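Chain by chain, the residues:
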Amino acid sequence: MITNETIKNIMERYSCREYSNDPVTDEELETVLEAGKYAPNAKNNQAWHFTVIKTSEGREKVLSSIGPKPDDPMLGDLPWPPDADYRGAPLMILVSGDESARFVEDGVFIAAGYMMLAAQSIGLGTVWSTSFSKYLFRDDESRRYKNEIMPEGYRPYVAFFLGHPADPKATQQKPRKDNVSRYL
Ligand SMILES: Cc1cc2nc3c(=O)[nH]c(=O)nc-3n(C[C@H](O)[C@H](O)[C@H](O)COP(=O)(O)O)c2cc1C
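Since this is a predicted model, take the numbers as computed values, not measurements.

A.B. asks: I tried to follow the site of the ligand on my own but got confused; where do I start?
C.D. replies: In the vicinity of the ligand, the contacting residues are Tyr 14, Ser 15, Arg 17, Val 127, Trp 128, Ser 129, Thr 130 and Lys 174. Tallied by class, residues from the shell around the ligand come to 3 nonpolar, 3 polar and 2 charged.

A.B. asks: When you look at the environment of Arg 143 in this model, what are you seeing that I'm missing?
C.D. replies: Note on placement: Arg 143 falls in the loop between α5 (131-134) and α6 (146-149). Along the chain, Arg 143 and Lys 61 lie 82 residues apart, while their C-alpha atoms are 10.0 Å from each other.

A.B. asks: I'm lost on the sheet that holds strand β2 (residues 91-98) in this one. Help?
C.D. replies: Two modes of strand pairing occur in sheets, parallel and antiparallel, and in both the strands are linked by backbone hydrogen bonds. The 4 strands lie next to each other as β1-β2-β4-β3, forming an open sheet whose pairing is antiparallel. Strands at the two margins of the open sheet, each flanked by one partner only, are β1 (48-53) and β3 (125-128). In this sheet, neighbouring strand axes are inclined to one another by 25° on average, regardless of whether the strands run parallel or antiparallel.

A.B. asks: Whenever I open this one, helix α2 (residues 26-36) confuses me. Can you help?
C.D. replies: In an α-helix there are 3.6 residues to a turn, and that puts residues three or four apart on one side. Restricting attention to buried positions, one finds in α2 the residues Leu 29, Val 32 and Gly 36. Down the axis of α2, the buried side of the element spans an arc of 65°, and every buried residue falls inside it. Along α2, the residues that are exposed and aim more than 90 degrees away from the buried face are Asp 26, Glu 27 and Glu 30. Where the residues of α2 are buried, they touch β1, α4 (104-121) and β4 (154-163).

A.B. asks: I'm lost on the packing of helix α1 (residues 5-12) against α4 in this one. Help?
C.D. replies: Two quantities define a packed helix pair, namely the angle between the helix axes and the distance between the axes. Orientation of α1 relative to α4, taken along the N-to-C sense of each, is 105°, at an axis distance of 9 Å. By the angle between their directions, the pair α1 and α4 is classed as roughly perpendicular. Counting all contacts with α1, which are made through Asn 9, Ile 10 and Glu 12, the residues of α4 involved are Leu 117, Gln 120 and Ser 121. Of the residues contributing to the contact of α1 with α4, the split by class is 2 nonpolar, 3 polar and 1 charged.

A.B. asks: Help me out: how do you make sense of the nonpolar core in this one?
C.D. replies: General note: in soluble globular proteins, nonpolar side chains tend to be found buried as a group. Met 92, Val 95, Phe 160 and Leu 162 are the most contacted members of the largest nonpolar core, which totals 38 residues. In terms of residue count, α4 provides more of this core than any other element does, 8 residues in total. Contacts of Met 92, omitting those with residues within four sequence positions, involve Ile 53, Tyr 86, Phe 132, Ala 159, Phe 160, Phe 161 and Leu 162.

Rules used in this analysis
- Residues numbered from 1 in each chain as written.
- Predicted model: local features only at pLDDT ≥ 70, side-chain atom pairs only at ≥ 80, totals over all residues.
- Near = placed C-beta within 6 Å.
- Nonpolar A, V, L, I, M, F, W, Y, C, P; charged D, E, K, R; others polar.
- Helix = DSSP H or I, 4+ residues; strand = E, 2+ residues; numbered from the N terminus.
- Pairing = 2+ DSSP bridges.
- Axes fitted to C-alpha atoms, helices over the stretch in contact; angles between N-to-C directions.
- Buried ≥ 20, exposed ≤ 12 C-beta atoms within 10 Å, placed from the backbone.
- Arc of directions from axis to C-beta.
- Contact = placed C-beta atoms within 7 Å.
- Parallel < 35°, antiparallel > 145°, perpendicular 65-115°, else oblique.
- Core = buried A, V, L, I, M, F, W, Y, C linked by C-beta atoms within 7 Å.

As structure tokens, then:
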């Protein structure tokens, strides 16, 4: 197998669930956002939008956009909303897509992956948070700030926290399953 910086980044990325207090610099943030724009996407529609939530007002708006706890046994005794503390990360990126664009979700998911890898390559950590992608805007009350959070006609697909890992030397990669390929 060939190894290079790109392959190393891919294999070293892990879901980081503890962050330090170090802020993400503007340059770091710009690097991550820029990487997302280079993802493949259907018909080159680039129908994504990246919302950076970093102020306390922004956090409050997004938190209040998570409606009441759904009646889902999978959520069990989880506090609601989960991950309200961003797991200590200074910011979250919410990736949304234009609902009218063809195959929008495919491009949006790849863009999120590109951003996560770009973050890894500059020493930042990320972790996906389902609470902020699956549970937003489910009733009138929780849609109050929707047009401030993302463009009209867009819906959320991915949310991930971004920050400096609490332990920069942590190696928390999970073992990968083998035998997931075949050749015809
Ligand atoms: C669709 C999706 C939803 C996820 N939701 C969460 C989540 O809500 N909270 C969390 O801590 N991790 C979440 N993750 C991260 C996965 O748990 C993680 O990627 C997986 O266990 C593999 O570990 P790794 O990312 O460290 O390689 C999610 C990942 C994906 C792709």
